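The primary structure of each chain is shown beneath.
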Amino acid sequence: MRDVLEVCLNGVNKTRIVYYANLNFPRLNRYLRVLSGLGFLVKEIRADGSVVYRTTPAGVYFFEGCSNIEGMGEKGGDKRCKRVVRVKPV
């Protein structure tokens, strides 16, 4: 869903979302319903009749939070999360 929010930052159509977020149309339609229901995406109809989806300010906030969490792992993050736990065989 993070990828969908990222692609929609500037307003795009469904085909562009499917291509850049690597989704199929049925899954995209489910994601659009969920993200729209949460207020993270809006559907806009342009003057020429084309439909685009745009990330809302709430969606941008959520997207940035996801990006920050994702970046923690890449930058080292919390060392406790990388601890190896050994389990004795039964």
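What you see is a predicted model, and the numbers here were worked out from it, not measured in a lab.

Q: Give a detailed account of the side chain of T55, specifying residues and quantitative values.
A: When you line up the elements, T55 lands in strand 2 (residues 51–55). The class for T55 is buried, based on a relative accessible area of 8%. Within the structure, the side chain of T55 is placed 3.5 Å from the backbone nitrogen of L9, a separation counted as a polar contact. Those residues in contact with T55 that sit more than four places away from it in its chain are L5, C8, L9, F40, L41 and V60.

Q: Which residues make up the pairing of strand 1 (residues 41–45), and what values do they have?
A: Regular strands place side chains that alternate from one sheet face to the opposite one. Both strand 1 and strand 2 contribute to a ladder of five bridges, which runs antiparallel. Following the sheet pairing, V42 is matched in strand 2 by R54. Connecting strand 1 to the antiparallel partner strand 2 that follows it, the hairpin turn spans five residues, and G49 within it adopts a positive phi of roughly 90°.

Q: I'd like a description of the packing of helix 2 (residues 14–21) against helix 3 (residues 25–37), backed by residues and values.
A: Running from N to C, helix 2 and helix 3 cross one another at 105°; their axes reach a closest spacing of 10 Å. By the angle between their directions, the pair helix 2 and helix 3 is classed as roughly perpendicular. Contacts from K14, T15, I17 and V18 of helix 2 reach helix 3 at F25, L28, N29 and L32. For the contact of helix 2 with helix 3, the residue count by class is five nonpolar, two polar and one charged.

Parameters at a glance
- Residues numbered from 1 in each chain as written.
- Predicted model: local features only at pLDDT ≥ 70, side-chain atom pairs only at ≥ 80, totals over all residues.
- Heavy atoms only, no water.
- Helix = DSSP H or I, 4+ residues; strand = E, 2+ residues; numbered from the N terminus.
- Buried < 20%, exposed > 50% of the residue type's maximum accessible area, 1.4 Å probe, protein only.
- Polar contact = N/O pair within 3.5 Å; in protein donor to acceptor, adjacent residues only side chain to side chain.
- Contact = heavy atoms within 4.5 Å.
- Pairing = 2+ DSSP bridges.
- Axes fitted to C-alpha atoms, helices over the stretch in contact; angles between N-to-C directions.
- Parallel < 35°, antiparallel > 145°, perpendicular 65-115°, else oblique.
- Nonpolar A, V, L, I, M, F, W, Y, C, P; charged D, E, K, R; others polar.

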